[in-house]
Structures are given as C-alpha cells and as structure tokens.
Amino acid sequence: MTPTAIQLISSALFAIAILHTFSTKFFERLAHTRPVHAGLWHLLGEVEVVFGFWALILMVAMFAIDGSTVATRYIDSRNFTEPMFVFAIMVIAGTRPILQTAMTGVRMVARIVPLPGSMGFYFTVLALVPLLGSFITEPAAMTLGALILADRVFARGISSRLKYATLGVLFVNISIGGTLTPFAAPPVLMVAGKWNWDIAFMMSAFGWKAAIAVTLNAVGATLLFRKELSQLRSTDNGRHSESVPFVLVFIHLAFLAGVVVFSHHPAIFMGLFLFFLGVAHAYQRHQDRLILREGLLVAFFLAGLVVLGGQQQWWLQPVLMSMGSDAVFFGAAILTAFTDNAALTYLGSLVEGLSNDFKYALVAGAVTGGGLTIIANAPNPAGIAILRGHFEEETVHPLGLLWGALPPTIIAALAFRYL
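Fair warning: this is a prediction, and the values are worked out from it, not measured in the lab. (Residues numbered from 1 in each chain as written. Predicted model: local features only at pLDDT ≥ 70, side-chain atom pairs only at ≥ 80, totals over all residues. Heavy atoms only, no water.)

Draft legend 1. Seen up close, the overall build of the protein. In terms of helices and strands, the protein carries 22 helices and zero strands. A compact globule built from 419 residues should have a C-alpha radius of gyration of about 22 Å, and the protein, at 21 Å, falls within 12% of that. Taking the principal axes of the C-alpha coordinates as reference, the protein spans close to 60 × 55 × 45 Å. Counting only residues that meet the buried cut, the protein has 57% of its 419 residues in that class. If you take every contact in the protein between residues at least 6 apart in sequence, the share linking residues at least 24 apart comes to 82%. Surface summary for the protein: the accessible area is close to 17500 Å², and the carbon and sulfur share equals 67%. When the 24 basic and 21 acidic side-chain charges of the protein are each reduced to a single mean position, those positions are 7 Å apart. (Helix = DSSP H or I, 4+ residues; strand = E, 2+ residues; numbered from the N terminus. Rg over C-alpha atoms; globule rule 2.2 N^0.38 Å. Buried < 20%, exposed > 50% of the residue type's maximum accessible area, 1.4 Å probe, protein only. Contact = heavy atoms within 4.5 Å. Areas by Shrake-Rupley, 256 points an atom, 1.4 Å probe, with all protein chains shown as cover. Lys, Arg positive; Asp, Glu negative; His and termini not counted. Charge placed at Lys NZ, Arg CZ, Asp CG, Glu CD.)

Draft legend 2. Local environment of the packing of aromatic side chains. Tallying each qualifying case throughout the model produces 19 aromatic pairs. Between Phe-154 and Phe-391, the aromatic rings sit 5.9 Å apart at their centres with planes inclined by 50°, giving tilted as the arrangement. Of this pair, Phe-154 sits in the loop between helix 9 (138–152) and helix 10 (160–177) while Phe-391 sits in the loop between helix 21 (380–387) and helix 22 (398–418), and the two are 237 residues apart along the sequence. Judged on exposure class, the residue Phe-154 and its partner Phe-391 are both buried. Ring centres of Trp-197 and Phe-206 lie 5.6 Å apart, and the angle between their planes is 45°; this geometry places the pair in the tilted category. Of the two residues, Trp-197 and Phe-206, neither departs from the other in class, the shared state being buried. The rings of Trp-195, Trp-197, Phe-201, Phe-206, Tyr-360 and Phe-416 are connected pair by pair, giving a single aromatic cluster. The positively charged end of Arg-152 is found above the aromatic ring belonging to Phe-121, 3.8 Å away from the centroid. (Phe/Tyr/Trp six-rings, centres within 6.5 Å; stacked < 30°, edge-to-face > 60°. Lys NZ or Arg CZ within 6 Å of the ring centre and 35° of its normal.)

Draft legend 3. Broad picture of unusual backbone geometry. We note that Thr-137 has phi near 85°; this positive angle belongs to a residue other than glycine. Within the fold, Thr-137 resides in the loop between helix 8 (119–136) and helix 9.

Draft legend 4. Representation of the pattern of salt bridges. This model, assessed by the stated rule, comprises six salt bridges. In this structure, Arg-388 engages Glu-48 in a salt bridge whose closest nitrogen and oxygen atoms are separated by 3.0 Å. In this pair, Arg-388 is assigned in the loop between helix 21 and helix 22 and Glu-48 in the loop between helix 3 (38–44) and helix 4 (50–66), connecting sequence segments 340 residues apart. Glu-48 shares its class with Arg-388; the two are buried. Here Arg-289 and Glu-294 are joined by a salt bridge, their closest N and O atoms 2.7 Å apart. Judged by its relative accessible area of 11%, Glu-294 falls in the buried class. One salt-bridge network, held together by shared partners, links Glu-46, Glu-48, Arg-293 and Arg-388. (Salt bridge = Lys/Arg side-chain N within 4 Å of Asp/Glu carboxyl O.)

Draft legend 5. Region of interest: a nonpolar patch on the surface. Nonpolar side chains collect at one region of the surface, where Phe-22, Leu-399, Leu-402 and Leu-406 lie side by side and expose about 340 Å² of accessible area between them. Looking at where Leu-402 falls in the secondary structure, it is placed in helix 22. For Leu-402, a relative accessible area of 31% translates into the label partly exposed. (Patch = residues over 30% accessible without salt bridge, like charges linked within 9 Å, V, L, I, M, F, W, Y side chains within 5 Å.)

Draft legend 6. Expanded view of helix 7 (residues 96–112). Taking 1.5 Å as the rise per residue, helix 7 with 17 residues should run 24 Å; its terminal C-alpha atoms sit 25 Å apart, in good agreement. Those residues of helix 7 that fall on the buried side of the exposure criterion are Arg-96, Pro-97, Ile-98, Leu-99, Gln-100, Ala-102, Met-103, Val-106 and Ala-110. Check the buried side of helix 7 and you find it contacts helix 6 (81–93), helix 8, helix 9 and helix 14 (246–261). (Expected span 1.5 Å × (residues − 1).)

Draft legend 7. Highlighting the nonpolar core. Ranked by size, the top nonpolar core spans 96 residues in total, and within it Phe-51 and Leu-308 carry the most contacts. Apart from residues lying up to four places away in sequence, Leu-308 is in contact with Ser-10, Leu-13, Phe-14, Ala-17, Phe-51, Trp-54, Ala-55 and Leu-58. Core analysis: the second largest hydrophobic core is formed by 39 residues, Val-172, Leu-347, Ala-361 and Val-363 among them. (Core = buried A, V, L, I, M, F, W, Y, C linked by side-chain atoms within 4.5 Å.)

Right, here's the structure in full:
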C-alpha cells in the first residue's frame, strides 16, 4: 500500500517524538541557560507533553492538507477510553485510603520475608504489586507501586544505579504481571475478546510464567543491591500516620472497583470519578494532595500516542505480518520499545487466520518489551510522572531506563519463550 502524504508526515513526526523523549534533559537545560523563553523550554522538557505536542503538529498538518472535515473525522474515530481510564484510576489509586490499604498488605507480607533492613519490603513491592495489577489493572498497580517506592525507597537518598534498576524492574514486572487475567493488561485486552482468551487460558498460557519471571526479577534486584537496601530503615517516615476510617476506605475501594469494572465505558467510569471527587473533597482531612496534575499529564501523553499511533498502521502491520511465529516474539519485544504494545497486538487482531503459536508469540513479545521505554506500555508514563522528581534534574534518562529494564526483560523473555 502506497502511503499518503499525511501518513508519511505522521511517521516522521512519530520518529521525532521518540527522539524528543530522549532529549527532555536538553530542553530543561535550555530553560536555565535561556530564561527569556524558560516557560516554553520547561514545557518541551516535560516528557508527558511530548506526544501530545507532536500530535498537535500532526493535526495542524492534517487540517492544512486534507481539510477540517477529514481531520475532525480522524479525531472522532480515535478511541480515547484508555487515556481517560488511566487518569481516573491514577487519581483514585493514589489517595491516602487506597495507599494505606496497599501499604498494610505489603507490610504484612514483608514481615514474613526474613531479610534485613528494607530488603523484605523492597522485594514484596516489586513482586506482589505487579501481580496485583492482574486484578486492579496495570495502571492502578503502577500508581500504587510507584507511590510506595517513592515514599519508602526513592526518598531516602539511594544511589542512581538503584533508582534506575528499580524503575526498570517495576516497569517490566507491571507489564508482564497483568497477564494472569484477560482484562488488566492493555495488549491482552486488545485481543482477548476476539481470540476467546479467558482467565483459564491466561493462567495456563501466561500467568504462571509471568509469576515466575516477576519473582525472579524481584529477587535479582533485591540481592544485587542487598548492601544498600539492608542499610535503609524499614520504618515508615510518618507521612501517612493518621489512619483513615474503615467506612471511608471501603468507599474508596468501591470507587476503585467500579472504575475497573466499567473500564470500557467512559461515560460510566468518568461519572463515578466525578462522584469520587465530591467525596474526596468532603473528607479532605483524610486525603493527601490528589495527583490530578500527574494524571492529566499522563492522559495527555497517551492521547497524543493514540493520535500519532493511529497513522502508523501502514508500515507497522506489514512488518509484523512478515514474521513467522518464532521471529514475531522478538520482533514484537523490540517494536514495543518504539510504539505502545497495545497497538501491536491490536494490529495483530485485525488479521484473520493467525496460528495459535503466532498469537501467543505476538502477545508474549509485546508484554515482554513493555518496560524498555516510557512509551512501551500505557502505565509507564504514570510511573515516570510519580517518580521522576527523585531523579537528577527531575528527568528520567531513557538510556538509564533501558539499562535498568534489560536484565528483567531477558528474564521475562526466557520465561515466556522457553518455559
């Protein structure tokens, strides 16, 4: 198929956007050296703004070349349910009642792990929370995991190596940890209905392998940094010392469950979310600051990815479909680093007559590579938004993330391909 002018422009802008994600630190430095336009440089230095910014450029080009009718029709054809859902679930999962409940569960499990300092707690967060994502969805698990690690690990002056290794393991484990069920991981969700993948299939084909890989990754990171982790205090810093009434905790859990259950129906889950905001405002003394800004930035990032990614099918689908079932596993894992993994599996779902081996390899490869970059998996921007304040110049370097994610990605690849 011969690409149109807009498809060529969109692919060029998509490539520029990917390069931009590697250059956010450059724009932050410009903000300090050229203060006249510091606001613009700070804006371009926000990694969550990148894809939304270049999506805007694409829409301007589409209005100019194809006209307003075609451009408006294209936007209307995009599905923005995922950005809206991630925004709502991030804000609810990041509240004090939900976070305290998760922390209580993590502490209970961590006490069973006979390791010194914060080693047991660290292992439990990286092993338990990602698997919990199979039931509360990956974005919620990412939010909880990132907030807990920010409060109990990242805020305590740990080394840069430990920060990037932790981020890499968290991203990879979240990506594969949502494969125990057919509704929690975006790349699985894209194909589960069409390919009739139910919970029994997911547990037998993916779940047990994911659980092994998640545990091995958590063990590896804990042992590799055992000296530094053993010296961290295992006590809380008191930030959430005031307990929340059980009734309010139950209400928050009910809102969280409602948003998860109706995650495919934005009119319902956004209505629940607005109702939740009213409850949160009425009981402010039992709340910390709602992460509305972080949630909106992540939603903006994902919405931009939806707009730009929708024009990449002309080259991405032929590349995928030209591979055999053996090659597609590694091809999908690599391609995932440059485009959202849910987009890859969605393209695969459009093709009829695929073998069962090809279907498995495509999805397994897509979730395996989900931690390599910020755009590889939909929940990753949420983790970046929460944790980046603990990195130098509040910037997560893409090469540092890649370094931290490669070892757990290899473990995941071995588990899904050879177990």
